[in-house]
Number of protein chains: 2
Amino acid sequence: MDRNMLFFCSFCRHKTDDELHQLDCHIDHSISRYERNRYIAHQGDPIRDLYMLLDGQVRTEMVSSTGIVLPVSIISAPAPLAAAFLFATDSRFPVDVIATEPCRVARIPRSAVEGQMASCPGFLRGFLTFSADRMRLLSDRIKVFGHKGIKSKVAYHILLNEHQGEFKMGHSITWLAEYFGVERPSLSRAISELVRDGIIAYRNGNGTILNAAALREMAL
Amino acid sequence: MDRNMLFFCSFCRHKTDDELHQLDCHIDHSISRYERNRYIAHQGDPIRDLYMLLDGQVRTEMVSSTGIVLPVSIISAPAPLAAAFLFATDSRFPVDVIATEPCRVARIPRSAVEGQMASCPGFLRGFLTFSADRMRLLSDRIKVFGHKGIKSKVAYHILLNEHQGEFKMGHSITWLAEYFGVERPSLSRAISELVRDGIIAYRNGNGTILNAAALREMAL
DNA sequence: GCATATGCGTAACATTTGTTACGGTATTGA
DNA sequence: TCAATACCGTAACAAATGTTACGCATATGC
């Protein structure tokens, strides 16, 4: 069994290849190959299987009801595709999934996934943890958007990453601007203003909180 | 066994009370009661149990690192509390949870939850579906935020809810404004402009797409 | 009937944010 | 060393959004 197939099984992932070969753990699945630019799934397709991208890379695209295409993201193996939605009510692919290079994809029927969950605690826990961690990413992002105004977002982000008056931005300004959903120059300006107003000191990704009260005020 | 305890079990939820009493399905759990304004959980507390709000209502609050409090949401029974994070890596309550009226809360140890998942397919599926549906809500919201500019958000929302040239907003303008993270008058203005420019007709929550091309253009 | 609350559209104005363009620094690889 | 690239700060101006206030409906309860 392919090691990547065991992505979700926290127990199995740490076994040696020898141990894996001796393992009596068979999950019903089929493997498909896709050439570059082939569609692995179309937006709206019902999700009946767990899709595991074993090798290669895909891009996902969203198609609006009458044809505009907007890129969403790039996913590299090994990774599940739309795993979060497999068990959703009326679960369908929210995007097109297209191979950007030759890919190998394993499909595991939902029933087999459920069976594996019931019989293999590591698999169950792996899946749940993967889902939960992903949910946390989304949830954190939503919280950022809950703060109106760039300075409020920045202030919130700083308070989250604060440790004894110091903080690290943790990412490039360019990256953060995308994360916040604002333009880079705007974010840059916002930070400059925080510095100008004596609320923080900042340089090169690291900073110090000078006026905690004002910063808290901004985070609303 | 309390019917609310079986929130996640799609099989059990549809049984009659008689059937429930005869059911040989015992989940290890303890039940606590909380008076109004009592803390059920503090932000940062490790999550070791599944919290099920059986009766009453809670509010969640977020506390920034130095004390500001911002309200997040109200949750009414029956509902799980932070269920999405139970299996996260280093899972902790992201918010304070405070009773707004007398509450009853069942706590089921994580290990018992895992055991129940392994032995009761309905429970497993119920939990997974709940998580997945919730993930979809968050995911949809993130997608909205991915569209910059109010008109782009509105256009996207309309295209999502379009059906043969007609659409329903589905919510009040006030509600949508919050959902989009913009001010109500701003949203109102944006819609008015779409109408003024002959792109849509709109009245009372329902509308018609007049210029699909322009609308698609706006959704980027 | 009346007071109250909610939801909605509108307007004028203030503020924030986007846009575009430029220059500077650091890194990388030829 | 040099060119190419990525990342960042800044500025001036344009555009979008927020703010505040008002009037009008509709529902609700007294």
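Basis of the calculations
- Residues numbered from 1 in each chain as written.
- Chains lettered and ligands numbered in written order.
- Predicted model: local features only at pLDDT ≥ 70, side-chain atom pairs only at ≥ 80, totals over all residues.
- Heavy atoms only, no water.
- Near = heavy atom within 4 Å.
- Polar contact = N/O pair within 3.5 Å; in protein donor to acceptor, adjacent residues only side chain to side chain.
- Helix = DSSP H or I, 4+ residues; strand = E, 2+ residues; numbered from the N terminus.
- Nonpolar A, V, L, I, M, F, W, Y, C, P; charged D, E, K, R; others polar.
- Least-squares fit on C-alpha atoms with pLDDT ≥ 70 in both.
- Contact = heavy atoms within 4.5 Å.
- pLDDT = per-residue confidence, 0-100.
- Core = buried A, V, L, I, M, F, W, Y, C linked by side-chain atoms within 4.5 Å.
- Buried < 20%, exposed > 50% of the residue type's maximum accessible area, 1.4 Å probe, protein only.
- Pairing = 2+ DSSP bridges.

1. What to know about the protein's contact with DNA strand D
Here is step 1: Around DNA strand D lies a shell of 16 residues, among which A:T174, A:S192, B:G149, B:I150 and B:S186 are the nearest.
Here is step 2: By atom count, sugar and phosphate contribute 57% of the portion of DNA strand D lying within 4 Å of the protein.
Here is step 3: Within the backbone of A:I173, an N or O atom sits 2.9 Å from a phosphate oxygen of DNA strand D.
Here is step 4: Here A:T174 contributes a backbone N or O atom positioned 2.8 Å from a phosphate oxygen of DNA strand D.
Here is step 5: For the surface near DNA strand D, the secondary structure elements donating two or more residues are helix 5 (173-180) and helix 6 (184-196) of chain A together with helix 6 (184-196) of chain B.
Here is step 6: When residues of the surface near DNA strand D are assigned to their parent elements, the largest contribution, five residues, is made by helix 6 of chain A.
Here is step 7: Taken together, the residues of the surface near DNA strand D break down into six nonpolar, six polar and four charged.

2. Concerning the relation of the copies chain A and chain B
Here is step 1: Superposition record for chain A on chain B: RMSD 0.2 Å, screw rotation 180°, translation along axis 0.1 Å. As the rotation angle and translation indicate, the two copies are arranged about a two-fold axis. Closest approach to the rotation axis within chain A is made by the C-alpha atom of A:A118, at a distance of 2.0 Å.
Here is step 2: Both copies contact each other with a shared surface, as 100% of the interface residues of chain A are interface residues in chain B too.

3. Comments concerning the protein's contact with DNA strand C
Here is step 1: In the neighbourhood of DNA strand C, 15 residues make up the surrounding shell, with A:G149, A:I150, A:S186, B:T174 and B:S192 lying closest.
Here is step 2: In DNA strand C, atoms within 4 Å of the protein come from the sugar-phosphate backbone in 56% of cases.
Here is step 3: In the model, a phosphate oxygen of DNA strand C is placed 3.3 Å from a nitrogen or oxygen of the A:E183 main chain.
Here is step 4: Residue A:S186 places a side-chain N or O atom 2.7 Å away from a phosphate oxygen belonging to DNA strand C.
Here is step 5: Contributing elements (two or more residues each) for the surface near DNA strand C: helix 6 of chain A together with helix 5 (173-180) and helix 6 of chain B.
Here is step 6: For the surface near DNA strand C, the leading source of residues is helix 6 of chain B, giving four residues.
Here is step 7: Of the residues assigned to the surface near DNA strand C, the class counts are six nonpolar, six polar and three charged.

4. A short note on the confidence of the model for chain A
Here is step 1: With 95% of its residues at a pLDDT of at least 70, chain A reaches an overall mean of 87.
Here is step 2: Per-element confidence in chain A is highest for helix 6 of chain A, whose mean pLDDT is 95, and lowest for strand 5 (residues 69-76) of chain A, whose mean pLDDT is 71.

5. Observations concerning the nonpolar core
Across soluble globular proteins, nonpolar side chains have a tendency to be buried as a group.
Here is step 1: In this structure, A:F8, A:I40, A:L50, A:M117, B:I40, B:L50 and B:M117 are the most contacted members of the largest nonpolar core, which totals 84 residues.
Here is step 2: Counting residues per element, this core draws most heavily on helix 3 (residues 121-145) of chain A, at six residues.
Here is step 3: The contact partners of B:L50, leaving out residues within four places of it in the chain, are B:F8, B:A83, B:L86, B:A106, B:R107, B:I108, B:V113 and B:F127.
Here is step 4: Core analysis: the second largest hydrophobic core is formed by 22 residues, B:V154, B:A177, B:F180 and B:I199 among them.

6. Remarks on the sheet that holds strand 12 (residues 206-209) of chain B
Residue and element names in this part refer to chain B.
Here is step 1: If you trace the four strands from one edge of the open sheet to the other, you get 9-10-12-11, paired in antiparallel fashion. Edge positions in the open sheet fall to strand 9 (162-163) and strand 11 (200-203), since each of these has one partner strand only.
Here is step 2: Here two bridges tie strand 9 to strand 10 (residues 166-168), and the two strands are oriented antiparallel to one another. What sits directly across from E162, in strand 10, is F167.

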